[in-house]
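Structural overview
Below are the chains, spelled out letter by letter.
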Amino acid sequence: MKLLQIKMYKRINYITAILVLVCGLSVQAQVTTSSPYSRYGFGNIKGSLLPQLRAMGGISTAVNKVSGFNYINMQNPASYAGINLTTIDIGMSANLTNLSKGSASENNFNSTFGHLAFAAPVTRRSALSFGILPYSDLGYSYRNSVKVDTMSVDQIYQGEGGLSKAYLGYGYRFGDHLRIGGNLEYIFGNLQTTRSTEYVSLGSINSRLQNKNSVGGLNYSYGVQYDINVGAKTLLTLGYSGSSSGKIRSSQSFFATQYSYDANGNENTAIDTLSAIDNGKSNLKLPLSHNFGIAIQQSDKWMVGADFRMSKWSAVSINNVNQGLQDSWGASIGGQWTPDYSSYNSYLKRIDYRLGFNYDKTFIKIGNQDIKQMGASLGFGLPLPSANGGSAFYKINFTTEVGQRGTLSNNLVKEQYINFHLGFTLNDTWFRKYRVD
């Protein structure tokens with residue numbers, strides 16, 4: 001028994017060291033996005049997807065387990081019921097973005113903490129999972145120059161912050177085919193936006209509106225999956241998942257101030273505060289979301305699937321003010337192929353090869369122009385040598401997403417991006433009872 005305890009301590013120390021490294025790196029690189037479209041709603045919505053699912057275009061609703069390896073699929077908590085080994089998944093993300101409008105363009109690079117998730121079987125038919133991951137990113141800074149009578153006026157828009165999601169979920173399997181599950185989610189973070197109006201002439205009195213929401217509250221999501229045997233080794237899975245349109249509490253601070261610049265272009269102390277609300281109680285209303293999916297797979301070989309999603313963003317409000325967004329919908333298709341997961345002679349045959357495509361009509365509409373997003377993804381699951389006599393399995397998951405959002409039409413911004421996601425996954429036999437002392 002002492003030997004088993006020593007092995008357990010070594011595992012915990014190993015995972016702890018990785019977590020400290022990942023979290024340390026993420027803290028140093030917490031600038032998360034540079035997108036003018038993050039101005040709308042709660043920012044850029046990240047989605048509850050790990051790298052291995054993003055590599056398949058984001059399909060997740062009907063995904064449970066591929067090639068016998070455990071995934072943590074928090075997008076559909078019904079999938080937890082298929083987890084039969086202790087599973088830990090940690091990762092980071094980075095993105096390279098090109099913004100273009102007319103003949104002007106700029107490039108930005110950002111990186112951030114990706115996710116930390118844990119899952120373990122509770123009984124032969126159930127498992128629980130918990131973790132933390134980004135919910136949304138807010139980051140932009142741009143200006144519009146306009147003429148008011150004969151005077152030039154700059155309108156400056158800035159935003160920063162974002163929301164994170166910590167979750168606790170449970171999934172249970174009924175019989176051999178039906179799985180259900182749910183997540184209790186705590187969404188928290190800060191959203192800060194600023195709008196300034198500046199006159200070009202020296203000594204002019206400028207104005208600024210600054211709004212900050214400190215968010216923290218509970219929401220929940222749920223899901224179901226049903227398996228149908230269509231062959232000796234072929235399985236068809238139907239899935240549904242959704243999230244509630246709950247209200248999340250927030251503390252609002254709002255300041256309207258006037259200011260000016262000195263002869264050297266430095267901003268002076270605020271001349272006057274026209275309006276102020278400090279720590280006012282408010283809320284954010286989340287969108288009601290639905291996801292539908294289908295996947296077919298051959299055991300330990302391949303899987304293909306498709307998802308359709310829709311969210312009621314038209315009902316979203318911040319501080320009880322409707323945000324003027326439109327309902328969104330999107331679709332994904334993708335899959336994974338593993339030539340021979342048990343091959344001893346070829347490492348390339350043991351790699352998971354993933355490919356996917358996605359298309360979304362987003363919740364943003366500017367004028368009469370819908371803002372659409374489309375992309376393609378490619379990823380690999382790279383197995384590492386097993387440990388503890390073959391009872392522990394490790395895999396590195398790397399994904400690249402290439403896509404664009406927006407358009408150059410109607411003087412709008414086209415955003416082209418390359419996203420990189422890196423994750424480390426462990427499957428191990430923790431918490432099992434041993435009969436021999």
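Residues numbered from 1 in each chain as written. Predicted model: local features only at pLDDT ≥ 70, side-chain atom pairs only at ≥ 80, totals over all residues. Heavy atoms only, no water.

The name given to the protein in an unreviewed UniProt entry is Aromatic hydrocarbon degradation protein, with Pedobacter yonginense as the source organism.

1. Brief notes about the overall build of the protein
Scanning the protein for helices and strands turns up three helices and 21 strands. Of all 437 residues assigned to the protein, the portion counted as buried reaches 49%. Looking at the protein alone, contacts between residues at least 24 apart form 66% of all its contacts between residues at least 6 apart. (Helix = DSSP H or I, 4+ residues; strand = E, 2+ residues; numbered from the N terminus. Buried < 20%, exposed > 50% of the residue type's maximum accessible area, 1.4 Å probe, protein only. Contact = heavy atoms within 4.5 Å.)

2. Describing empty space enclosed by the protein
Enumeration according to the criterion identifies two cavities of 30 Å³ or more in this entry. Here the second largest cavity is characterised by a volume of approximately 130 Å³. For the second largest cavity, the lining is made up of 16 residues, of which L49, R54, S93, G114 and H421 are closest to its centre. Mapped onto the lining of the second largest cavity, the elements with two or more residues apiece are helix 2 (51-54), strand 4 (86-101), strand 5 (104-123), strand 6 (126-148) and strand 21 (414-428). The residue inventory of the lining of the second largest cavity, partitioned by class, reads eight nonpolar, six polar and two charged. (1 Å grid on protein atoms, 1.4 Å probe; cavity = no way out; pocket = protein on both sides within 12 Å on 5 of 7 lines; lining within 4 Å. Points joined across faces, edges and corners; volume = space filled by probe spheres on them. Nonpolar A, V, L, I, M, F, W, Y, C, P; charged D, E, K, R; others polar.)

3. Focus on the pattern of salt bridges
Opposite charge on two side chains allows them to pair when their charged atoms are near. Using the criterion set out here, one finds ten salt bridges in the structure. The salt bridge partner of D327 is K312, with a shortest N-O separation of 3.9 Å. With a gap of 15 residues between them, D327 in the loop between strand 16 (321-322) and strand 17 (328-337) and K312 in the loop between strand 14 (302-311) and strand 15 (317-318) connect regions that are remote in the sequence. Judged by relative accessible area, which is 32%, D327 ranks as partly exposed. Given a relative accessible area of 42%, K312 falls into the partly exposed group. Here D352 and K395 are joined by a salt bridge, their closest N and O atoms 2.6 Å apart. Here D352 is found in strand 18 (residues 352-366), whereas its partner K395 is found in strand 20 (residues 392-406), with 43 residues between them in sequence. According to the relative accessible area criterion, D352 is buried, its value standing at 1%. The network of salt bridges with shared partners includes D352, R354 and K395. (Salt bridge = Lys/Arg side-chain N within 4 Å of Asp/Glu carboxyl O.)

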